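Coordinate analysis (summary)
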Amino acid sequence: MGQKVLVLGEMKNGEVRNVTYEAIAAGQKIVDGGEIVGVLFGENLQEHAETMIHYGADRVVTAEKKELAPYTTDAYSQALLQICEAEKPEGIVMGHTSSGKDLAPRMAGKLKAGLVSDAVGVDIEDGQVVFTRPIYSGKAFEKKVIEEGLVLATIRPNNIVAFEKDESRSGDVSSMDIEIKDIRTMIKDVVKKTSDGVDLSEANIIVSGGRGVKSADGFKPLEELAEVLGAAVGASRGACDAEYCDYSLQIGQTGKVVTPDLYIACGISGAIQHLAGMSNSKVIVAINKDPEAPIFEVADYGIVGDLFEVVPKLTEEFSKVSV
Amino acid sequence: MNIYVIMKRTFDTEEKIVIHAGAIDEEGAEFIINPYDEYAIEEAIVLRDEHGGEVTVVTVGDEETEKELRTALAMGADKAVLLDIEELEDESDHFTTSSILTAYLKDQEFDIILGGNVAVDDGAGQVAPRVAEGLGINQVTTITRLNIDGETAKIERDVEGDVEVIETPLPVMVTCQQGLNEPRYPSLPGIMKAKKKPLDTLDLDDLDLEEEDVEAKTKTVGRFLPPEKAAGRVLEGELDDQVQELVEALKNEAKVI
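This report concerns the structure included in the present document. These numbers were taken from a predicted model, which means no experiment stands behind them.

Remarks on the overall build of chain B
- Each helix and strand counted, chain B has six helices and 15 strands in total.
- Taken over the C-alpha atoms alone, chain B extends approximately 65 × 45 × 40 Å along its principal axes.
- By residue count, 53% of the 257 residues in chain B fall in the buried class.
- In chain B, the share of contacts with a sequence separation of at least 24, taken over all contacts with a separation of at least 6, comes to 69%.
- Here chain B carries 24 positive and 60 negative side-chain charges, and the mean point of each set is 3 Å from the other.

Structure follows, in structure tokens:
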């Protein structure tokens, strides 16, 4: 399709998120040799804009404003709209993250455009850009096209492969003067609950617990294993309903849908609604006392046994090998 | 307070998905209120009980959707509105649904509109922000706590596991996330009362919309099931050996660590 695609970059903990580089790769498929214009909002962006270029953006437009440092729907949608009006792109791509999920449909509404959310693949078929996205939380997939007008897409982290970083690439970084008015969302506080900053949706490894962990304390061995692996901790609905852990950890059709490289399910039986949230992980390990548990049907490797015996041994063994 | 809930009827989360001739086979499937919309309905009822007013549940669908609307009424909503699109010949998408909801809601008086964070079937979460934009009101997605204080909504929202504490003026659109509340089951008297509560049906004509106005922007060109996974390996032998074998396999065979 078109000659120009905007990729809205996203910062977290002072770094550009990986999904931004994946979005650049997705944008390149869409633009097919045309121009990828990175967009970055916030403060002190020069170095990060250059990193986006190293990952494949041709140039980057930044808007340096303190109103754009925290994400708000109003500030970001106003800023992105002004950049759209100046750049007149044929497409916009961003990560299917907390802010991307909030912003992309708002923009699609403003621009009266089609939006494909949560894409896990972008391909060209018969000259047309075809997006693949999960439906029913990954129990099935659909292929979507936008036949006319602007192409908007959010891409799921960890699915589209980013380009190799190439520090010899260079491009223009320009700053645009953006007018922001009337931000209706006032952020009073942000309470950090994620301990180590490993976010479930972007984690390469997830250690997840179910009813089998038996109590909030039962998550301790899982957390120790996660620490050795640099993994995020997740949970099944059973564990959340039993109040062993916070709902923000829930993986499943109601909850987060994840696709890490390695998913270690501990004491999770494998209800269909949980499987929907994790069965597209690349490698699945199941640890469960019940050899008949359905989780073993989707597992690549299974250990039948008590998680309280198995998990600490795994932690020990993993800490021996360099992870 | 005038409280609106936008609701979707979805497949039961326990259903297996079958694809027949490129379409999802609905034969014999159980349908439910989208679980995230149940949080929205519950929160709406709690708000009304605290501040007074009325809860209206709105959906875009067909006749079949009346069942889920009655369930919402049985939970405690006061009114239900079905925006019937059975006449639409082409595929509908988020643009379609949000345009129809916007056309209806722009003529209503509302203080707050609640919806689910996503629908568990499609999983896109586009409709609520699109409607908020269409109505020119603010949106707050994935909320886990809500208090209304005069003209201000005090909200906590889930941001990838962290909690953002925010305030925003009414009217506002919010989308509900797990942890917000525990949706009630309809009581028997609730079910009896629901039969007499108003359920209005409007079609495109009633909303002054033409089919072109709501024509989908996206098109589905295929659906498929994920490839069947090859059977995995259940390890055997002494536990210590199993653990060693597993770590070895993850490192050298699967190469994920």
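Here we look at the overall build of chain A
- Assigned secondary structure in chain A consists of nine helices and 18 strands.
- Overall size of chain A, expressed as C-alpha extent along the three principal axes, is 60 × 45 × 40 Å.
- Evaluated residue by residue, chain A yields a buried proportion of 59% over its 323 residues.
- Of the contacts formed within chain A by residues at least 6 apart in sequence, a portion of 64% connects residues at least 24 apart.
- Between the centroid of the 33 positive side chains of chain A and the centroid of its 50 negative side chains there is a distance of 5 Å.

Focus on the environment of A:Gly234
Residue and element names in this part refer to chain A.
- Within the fold, glycine 234 resides in strand S15 (residues 232–235).
- Expressed as a C-alpha distance, the spacing of glycine 234 and leucine 249, which sit 15 residues apart in the sequence, is 4.8 Å.
- Residue contacts for glycine 234: discarding those within four places in its chain leaves Leu200, Ile206, Val207, Ser208, Gly209, Phe219, Leu249 and Ile251.

Side note on helix H5 (residues 220–229) of chain A
Residue and element names in this part refer to chain A.
- Within the span of H5, buried status applies to Pro221, Leu222, Leu225, Ala226 and Leu229. Around the axis of H5, the buried residues are gathered within 140° of arc, so they sit on the same side.
- Packing partners of the buried residues in H5 comprise strand S14 (205–209), S15, strand S16 (262–266) and helix H9 (307–320).
- Once H5 finishes, glycine 230 follows within two positions and takes phi at roughly 65°, a positive value.

Notes on the sheet that holds S15(A)
- Taken together, the six strands give an open sheet; going across it, the order is S15(A)-S14(A)-S16(A)-S17(A)-S18(A)-S15(B), and neighbouring strands pair in parallel fashion. Looking along the sheet, the strands with just one partner apiece sit at the ends: S15 of chain A together with strand S15 (233–234) of chain B.
- As defined by bridge partners, S16(A) adjoins strand S17 (residues 283–288) of chain A across five bridges and the pair is classed as parallel. Considered in S17(A), the bridge of A:Ile264 is made with A:Val285.
- The sheet strands contacting H5(A) are S14, S15 and S16 of chain A, and the helix crosses S14(A) at an angle near 175°.
- Along the sheet face, H9(A) touches S16, S17 and strand S18 (301–304) of chain A and points at about 135° away from the line of S17(A).

Thoughts on the sheet that holds strand S12 (residues 173–175) of chain A
All names here are of chain A.
- The seven strands are arranged S7-S11-S6-S1-S4-S5-S12 in an open sheet whose pairing can be described as parallel. Only two strands of the sheet have a single neighbouring strand rather than two, namely strand S7 (114–119) and S12. Each neighbouring strand pair of the sheet contributes to a mean axis angle of 20°, computed without reference to strand direction.
- Strand direction decides the pairing type here: strand S5 (residues 59–64) and S12, joined by three bridges, are parallel. Bridge pairing in S12 links threonine 62 to serine 175.

Comments concerning the interface of chain A and chain B
- At the junction of the two partners, chain A supplies 85 residues and chain B supplies 74 residues.
- Summing both sides of the interface, chain A and chain B together bury roughly 6900 Å²; the carbon and sulfur share of this comes to 55%.
- Taken as a group, A:Arg106, A:Tyr136 and A:Tyr301 account for 11% of the area that chain A buries against chain B, more than any other trio of residues on that side.
- Seen at the junction of chain A and chain B, the total is 10 salt bridges.

Some thoughts on unusual backbone geometry
- The residue after B:Leu170, namely B:Pro171, is reached through a cis peptide bond having omega -5°.
- Phi at A:Asn13 is positive, roughly 50°, even though this residue is not glycine.
- Here A:Asn13 shows up in the loop between strand S2 (11–12) and strand S3 (15–16).
- For A:Asn13, a relative accessible area of 57% translates into the label exposed.

Regarding the packing of helix H3 (residues 73–87) of chain A against helix H4 (residues 98–110) of chain A
All names here are of chain A.
- H4 packs onto H3 with a crossing angle of 50° between their chain directions and a minimal axis gap of 10 Å. Here H3 lies oblique to H4, going by the angle between them. Seen from above, H3 lies across H4 with right-handed handedness. Contact with H3, carried on its side by Thr73, Tyr76, Ser77, Leu80 and Leu81, involves Asp102, Leu103, Arg106, Met107 and Lys110 of H4 and no other residues of that element.
- By residue class, the composition of the contact of H3 with H4 is five nonpolar, two polar and three charged.

About the criteria used
Residues numbered from 1 in each chain as written. Chains lettered and ligands numbered in written order. Predicted model: local features only at pLDDT ≥ 70, side-chain atom pairs only at ≥ 80, totals over all residues. Heavy atoms only, no water. Helix = DSSP H or I, 4+ residues; strand = E, 2+ residues; numbered from the N terminus. Buried < 20%, exposed > 50% of the residue type's maximum accessible area, 1.4 Å probe, protein only. Contact = heavy atoms within 4.5 Å. Lys, Arg positive; Asp, Glu negative; His and termini not counted. Charge placed at Lys NZ, Arg CZ, Asp CG, Glu CD. Arc of directions from axis to C-beta. Pairing = 2+ DSSP bridges. Axes fitted to C-alpha atoms, helices over the stretch in contact; angles between N-to-C directions. Buried area = accessible area lost by both parts, 1.4 Å probe. Salt bridge = Lys/Arg side-chain N within 4 Å of Asp/Glu carboxyl O. Parallel < 35°, antiparallel > 145°, perpendicular 65-115°, else oblique. Left-handed = near helix turned anticlockwise from the far one by under 90°. Nonpolar A, V, L, I, M, F, W, Y, C, P; charged D, E, K, R; others polar.

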